[in-house]
Amino acid sequence: MEVVSDLDAWRHAAAAARQRGRTVGLVPTMGALHAGHDSLVRAARDRGDYVIMTIFVNPRQFNDPADLRAYPRTPETDRARAAALGVDLLVEPSLEQMWPAYPAPVATTVHVGGMTEHLEGADRPGHFDGVASVVAKLFALTGPARAYFGEKDFQQLAMVRQMVTDLGFAVEVVACPIVREEDGLALSSRNVRLSGAGRQRALGLSRAVAAAAAQPATASVLRQRMRGVLEAAGVEVAYAEVVDPVSLRPSRDTESGRRRALVAGRVDGVRLIDNADVELEGE
Ligand code: AMP
């Protein structure tokens, strides 16, 4: 595995792989790698891609400075893990290279309107602009044919798809299912910040979306069902919503069919999210 941090070296390695006839697959991450990240790399390898993994804790997508400071960073173990997984090129760009002006505002921002205003966007001002801007830059520097994103961050995935359509990136966005612990907790780099008791309470999120997925009902009933499970578990609820999986428009009680149920909440001061595919039964 080759490791680079320099933007030119990164661009050249990606171009060289394309010249050798390889299909470049991009796996963007913020490091503190776990089995969720592994699954994205495996999906890329299964397709035969030249796998470029980026590790960059992007400050522009952190609306909360305390969250940015507390974000886990494990560069040595990440490198070993990426190499063992079969990543071809590991890119660790520095903040100075990615956003030279930071913390001054960067002149160019990518904003995906509408679908980023609610859910995570309601509580995290600027978060999705930070994500869209960095993903656009990663695409520009890498020139991937495919990019792999986890369904764990469902709103992010939907937003990236919209950005790719709107800006005409020649990138196939591949969605990878949520990887969970045996007891259902969705893997997240932030889970290491949970206490033992907090980790138990955090199970409320996966149980809430599992309860919504278990039996079809109207959108309102599913929202109430999820909220009930979250509150009983002791999660400080941010939202429990049912939306169209492409537009992320909240579902009405008259709608039927496959939709996405999403929850977010705080445990031990750590913000956690989860989601699942659900069936709506209109009234
Ligand atoms: P992050 O490092 O948290 O920014 O995540 C990098 C990528 O890994 C994103 O596309 C996430 O959606 C994905 N990811 C994180 N956790 C999981 C998980 N438990 N299952 C599947 N994908 C995940």
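Here the structure is shown first, and the text comes after it.
Position numbers for residues count from 1 along each chain, tracking the sequence in the order it is written. Under the rules for a predicted model, residues below a pLDDT of 70 receive no local features and side-chain atom pairs below 80 are neither given nor counted, while totals for whole chains, interfaces and linings still include all residues. With hydrogens and water set aside, each side-chain value is computed from the structure's full complement of heavy atoms.

Caption draft 1: Looking closely at the overall build of the protein chain. Helix and strand definitions here come from DSSP, where helices need a minimum of 4 consecutive H or I residues and strands a minimum of 2 consecutive E residues; each element is numbered from the N-terminal end. A tally of helices and strands in the protein chain yields ten helices and nine strands. Throughout, radius of gyration means the C-alpha value; the globule benchmark is 2.2 Å times the number of residues raised to the power 0.38. On C-alpha atoms alone, the protein chain measures out to a radius of gyration of 19 Å, which is about the 19 Å that the 2.2 N^0.38 rule sets for 283 residues. With the C-alpha coordinates aligned to their principal axes, the bounding extent of the protein chain is approximately 55 × 40 × 40 Å. Whether a residue is buried, partly exposed or exposed follows from its accessible area with a 1.4 Å probe, protein chains only, as a fraction of its type maximum: under 20%, in between, or over 50%, in that order. Relative to its full complement of 283 residues, the protein chain shows a buried share of 53%.

Caption draft 2: Geometry of helix H8 (residues 154-167). Between the first and last residue of a helix there are one fewer steps than residues, each counted as 1.5 Å, and that sum is the expected span. A rise of 1.5 Å per residue sets the reference length of H8, with its 14 residues, at 20 Å; its end C-alpha atoms lie 20 Å apart and thus fit the reference within 8%. Inspection of H8 places Phe 154, Gln 155, Gln 156, Leu 157, Ala 158, Met 159, Val 160, Met 163 and Val 164 among the buried residues, and these make up the whole buried set. In the stretch just after H8, Gly 168 is the one whose phi turns positive, near 75°.

Caption draft 3: Geometry of the site of the ligand. Here a residue counts as near a molecule or strand whenever at least one of its heavy atoms sits within 4 Å of it. Around the ligand lies a shell of 17 residues, among which Met 30, His 37, Asp 153, Val 179 and Leu 187 are the nearest. As used in this structure description, the phrase polar contact means that two N or O atoms lie within 3.5 Å; if the pair is within protein, one of them must be able to donate a hydrogen and the other to accept it, and residues adjacent in sequence are counted only when both atoms belong to side chains. Measuring from an oxygen atom of the ligand, one finds a side-chain N or O atom of Asp 153 at 2.7 Å. Take Val 179: an N or O atom from its main chain is 2.9 Å from a nitrogen atom of the ligand. For the ligand, whose free accessible area comes to 480 Å², the fraction covered by protein is 93%. If you list the elements that add at least two residues to the shell around the ligand, you get strand S2 (24-29), helix H2 (35-46) and strand S5 (146-150). Here the shell around the ligand takes three residues from H2, the largest share from any one element. Surface accessibility in these figures is a Shrake-Rupley result with a 1.4 Å probe; residues are shielded only by whichever protein chains are displayed.

Caption draft 4: The arrangement of helix H10 (residues 219-233) in detail. Look at H10: 21 Å from first C-alpha to last across 15 residues, which is about the 21 Å you get at 1.5 Å a residue. Of all the positions in H10, only Ala 219, Leu 222, Arg 223, Met 226 and Leu 230 are classed as buried. For H10, the buried positions fall inside an angular range of 100° around the axis, keeping them on one side. H10 presents Gln 224, Glu 231 and Ala 232 as exposed residues on the side facing more than 90 degrees away from its buried surface. Summarising the contacts, the buried residues of H10 are in contact with helix H9 (196-214), strand S7 (236-243), strand S8 (257-267) and strand S9 (270-280). Downstream of H10 by a residue or two, Gly 234 has a phi angle that is positive, lying close to 90°. The reported arc concerns the directions from the helix axis to the C-beta atoms and nothing else. The contact criterion used throughout is that any non-hydrogen atoms of two residues lie within 4.5 Å.

Caption draft 5: Highlighting the packing of helix H7 (residues 127-142) against H8. Direction vectors running N to C along H7 and H8 enclose 55°, while the axes themselves pass 11 Å from each other. The orientation of H7 relative to H8 falls into the category oblique. The two elements H7 and H8 meet at a crossing, and its hand is right-handed. Contact residues: Phe 128, Val 131, Ala 132, Val 135, Ala 136 and Phe 139 in H7; Gln 155, Gln 156, Met 159, Val 160, Met 163 and Val 164 in H8. For the contact of H7 with H8, the class distribution of residues is ten nonpolar, two polar and no charged. Orientation is described by lines fitted to C-alpha atoms, with helices fitted over the stretch in contact, and by angles between N-to-C directions that extend from 0 to 180 degrees. Should an angle lie under 35 degrees it is considered roughly parallel, over 145 roughly antiparallel, and from 65 to 115 roughly perpendicular; all remaining angles are considered oblique. Crossings are assigned a handedness: left-handed for a near helix turned anticlockwise from the far helix by less than a right angle, right-handed for a clockwise turn. Gly falls in the polar group here, along with every residue not listed as nonpolar (Ala, Val, Leu, Ile, Met, Phe, Trp, Tyr, Cys, Pro) or charged (Asp, Glu, Lys, Arg).

Caption draft 6: Representation of the packing of aromatic side chains within the structure. In summary, the pairing rule links any two rings of Phe, Tyr or Trp, Trp by its six-membered ring, whose centres are within 6.5 Å, and it sorts them by plane angle into stacked for under 30 degrees, edge-to-face for over 60 and tilted for everything else. Summed over all chains, the structure comprises two aromatic pairs. Centre to centre, the rings of Phe 62 and Tyr 71 are 5.5 Å apart; their planes meet at 80°, and the pair counts as edge-to-face. Look at Phe 62 and you get buried, because its relative accessible area is 10%. Measuring from ring centre to ring centre gives 5.3 Å for Phe 139 and Phe 169, while their planes differ by 80°; the resulting arrangement is edge-to-face. With Phe 139 in helix H7 and Phe 169 in the loop between H8 and strand S6 (172-176), this pair connects stretches of sequence that are 30 residues apart. Phe 169 gets classed as partly exposed once you look at its relative accessible area, which sits at 24%. Of note, Arg 60 hangs over the ring of Trp 99, and the distance from its end group to the ring centre comes to 4.3 Å. The criterion for a charge sitting over a ring is simple: Lys NZ or Arg CZ within 6 Å of the ring centre, and within 35 degrees of the ring normal.

This is a description of form; function is not addressed.
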